[in-house]
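# Results of the structural survey
So you can see what is in the structure, the chains are spelled out below.
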Amino acid sequence: MPVNILMPALSPTMTDGTLSKWLKQEGDDVKAGDVIAEIETDKATMEVEAVDEGKLGKILVAAGTSNVAVNAPIAVLLEEGEDISSIGSAPTSNPIQSTVAQTLPSPSPSPSPATPTHSVEPSMVTGSNKPQSGGGRIFSSPLARRLAEQKGVDLKSIQGSGPYGRIVKADIEDAKVGAVSSVPNSVVSSSGPDAKQLADMLGMEYIEFPNNNIKKVTARRLTEAKQVVPHFYLSVDCVLDNLLKARSEINAVADGAFKLSVNDFIIKANAMSLKAYPSANTSWTDDAVIQYKHADISIAVATPNGLITPIIKAAETKSLHEISNEMKDLAKRAKDGKLKPIEFQGGSFSISNLGMFGVKNFQAIVNPPQSCIMAVGAGEERVVVENGQMVIRTVMTVTLSTDHRSVDGAVGAEYLQHFKRFIENPVLMLA
């Protein structure tokens with residue numbers, strides 16, 4: 001009997017994704033373990049392996065289709081002796097409204113993905129396109145309704161091209177000018193002006209760069225963080241002269257075996273500070289403040305597809321050169337989109353370093369459920385006063401953003417004192 005191949009959940013938080021590429025074509029033989037497709041999740045591109053044997057009878061979702069819901073049918077697998085005429089007997093499941101949860105193998109139990117909030121627009125659908133039934137009800141996909149609201153399209157004026165006359169995304173995108181109201185109500189929403197729609201109304205020219213899943217998820221999480229988390233900011237200046245001298249001497253002795261960066265020292269200093277002062281290594285919940293046993297440091301890395309935060313696990317247990325080598329590997333694979341979900345999900349503390357761009361000082365947004373993120377500025381020569389004398393020192397400003405519910409001002413200030421002690425006296429990190 002034909003078997004539906006479903007859109008897999010490749011991480012505990014995944015609800016939909018982009019089917020970026022098919023590696024098998026219709027008619028190809030498939031064995032269990034064969035890589036059949038590539039799926040773009042919210043943070044990386046993952047390979048999908050077949051779990052059954054047979055022949056790929058029909059592809060239901062074309063390569064490049066975005067917002068494909070978890071557990072939506074994406075292809076049909078034929079068993080031995082079956083041909084394409086057997087597909088009509090395959091179990092049916094509407095990819096537009098698929099809400100079946102898929103259990104993921106993981107080291108510890110985790111909840112199944114939530115019902116998708118975005119509907120998949122199937123590229124290949126069987127069934128006739130009959131006019132919609134009367135009674136005033138308009139049948140449309142959730143994605144089509146959202147797009148219609150954004151564009152100011154009156155759904156009553158649209159003839160759906162989906163199954164049984166259902167209005168789908170393509171119908172809204174192809175809507176004629178007459179179907180759009182002259183002054184759309186959605187130009188200004190609770191999230192602010194719709195830039196694209198406003199530009200269209202005013203005749204402003206622009207180039208459009210579609211947002212990938214990483215940017216969409218990042219935007220959603222940052223918006224939620226600023227709306228929900230009560231941010232509190234504390235800054236401190238750190239003198240780097242001892243650190244720069246130690247770094248130079250260690251790299252010289254290493255003779256090319258490894259090369260430490262200032263960022264490696266910053267990771268290690270935060271890990272040691274969290275070990276010395278665990279009150280900052282926490283997360284807020286309504287029932288309790290959770291205090292973590294290890295310093296799992298998330299480091300913001302800019303990639304061609306957007307921002308991602310690979311994690312140095314239990315960084316307090318690792319030497320500077322171990323942190324350096326691991327960070328280089330994680331950063332490279334992050335930029336190549338090859339990180340595993342477990343390598344960027346979680347973490348107990350984040351670092352965002354823009355010093356290499358010459359940024360002197362900035363405030364980063366907390367990455368929930370973490371309570372702290374450190375924004376690192378550039379090290380620069382400044383005139384400072386020591387023992388009543390003006391001297392030139394290399395100074396770096398760091399700003400700690402905290403969730404004030406779990407790390408209040410006093411706790412944050414105390415934490416920064418520990419960090420400043422480690423970063424200004426790097427010998428303490430070598431013990």
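Residues numbered from 1 in each chain as written. Predicted model: local features only at pLDDT ≥ 70, side-chain atom pairs only at ≥ 80, totals over all residues. Heavy atoms only, no water.

This part covers the overall build of the chain. In terms of helices and strands, the chain carries 8 helices and 20 strands. When the 431 residues of the chain are sorted by exposure, 45% land in the buried category. Looking at the chain alone, contacts between residues at least 24 apart form 63% of all its contacts between residues at least 6 apart. Of the roughly 22800 Å² of accessible surface on the chain, 54% is carried by carbon and sulfur atoms. (Helix = DSSP H or I, 4+ residues; strand = E, 2+ residues; numbered from the N terminus. Buried < 20%, exposed > 50% of the residue type's maximum accessible area, 1.4 Å probe, protein only. Contact = heavy atoms within 4.5 Å. Areas by Shrake-Rupley, 256 points an atom, 1.4 Å probe, with all protein chains shown as cover.)

With antiparallel pairing, 4 strands are arranged side by side in an open sheet as 5-4-2-7. In the strand order of this sheet, the two ends are held by strand 5 (45-49) and strand 7 (65-69), each with one partner. Put simply, the sheet's adjacent strands are angled 40° from each other on average, direction ignored. For strand 4 (residues 35-40) and strand 5, the ladder comprises 5 bridges, and the chain directions are antiparallel. Bridge pairing links Ala37 to Val48 in strand 5. (Pairing = 2+ DSSP bridges. Axes fitted to C-alpha atoms, helices over the stretch in contact; angles between N-to-C directions.)

Moving on, we get to the pattern of salt bridges. Evaluation of the coordinates by the stated rule reveals 12 salt bridges. A salt bridge links Lys318 to Glu326, with the nearest nitrogen and oxygen atoms 2.8 Å apart. Of the residues examined, Lys318 reaches a relative accessible area of 17% and is grouped as buried. Look at Glu326 and you get partly exposed, because its relative accessible area is 24%. A salt bridge links Glu380 to Lys360, with the shortest nitrogen-to-oxygen separation between them at 3.8 Å. Of the two residues, Glu380 is situated in strand 19 (residues 372-386) and Lys360 in the loop between strand 18 (349-353) and strand 19; the sequence distance between them amounts to 20 residues. On the basis of relative accessibility, which here comes to 45%, the residue Lys360 falls in the partly exposed class. (Salt bridge = Lys/Arg side-chain N within 4 Å of Asp/Glu carboxyl O.)

What follows covers the nonpolar core. Core analysis: the largest hydrophobic core is formed by 75 residues, its most contacted members being Ile297, Phe349, Met374, Val398 and Ile423. For this core, the element with the most residues is helix 6 (residues 262-276), which contributes 7 residues. When near neighbours in sequence (up to four residues on either side) are disregarded, Val398 contacts Leu234, Ser235, Val236, Cys238, Met374, Ala375, Val376, Leu416 and Phe419. With 9 residues, the next largest nonpolar core counts Val153, Ile158, Ile172 and Ala175 among its residues. (Core = buried A, V, L, I, M, F, W, Y, C linked by side-chain atoms within 4.5 Å.)

Counting along an α-helix, one turn takes 3.6 residues, and residues three or four places apart therefore face a common direction. The end-to-end C-alpha distance of helix 6 is 21 Å, a good match for the 21 Å that 15 residues give at a rise of 1.5 Å each. Across the 15 residues that make up helix 6, a large majority, 12, are buried. (Expected span 1.5 Å × (residues − 1).)

Pairing is antiparallel in the open sheet, where 4 strands are placed in the order 1-8-6-3. Edge positions in the sheet fall to strand 1 (3-6) and strand 3 (29-30), since each of these pairs with one other strand and no more.

Going through the model one piece at a time under the given rule, you end up with 1 aromatic pair. Consider the rings of Phe349 and Tyr415, whose centres lie 5.5 Å apart with planes at 40°: the pair is tilted. Highlighted residues: Phe349 in strand 18 and Tyr415 in helix 8 (residues 409-424), separated in sequence by 66 residues. For Tyr415, a relative accessible area of 0% gives the class buried. Sitting over the face of the ring of Phe422, Arg421 holds its NZ or CZ atom 4.8 Å from the ring centroid. (Phe/Tyr/Trp six-rings, centres within 6.5 Å; stacked < 30°, edge-to-face > 60°. Lys NZ or Arg CZ within 6 Å of the ring centre and 35° of its normal.)

With that settled, consider the environment of Ala413. Note on placement: Ala413 falls in helix 8. Looking at Ala413, the relative accessible area reads 31%, which means it is partly exposed. Taking C-alpha positions, Ala413 is 8.7 Å from Ser235, a pair spaced 178 residues apart along the chain.

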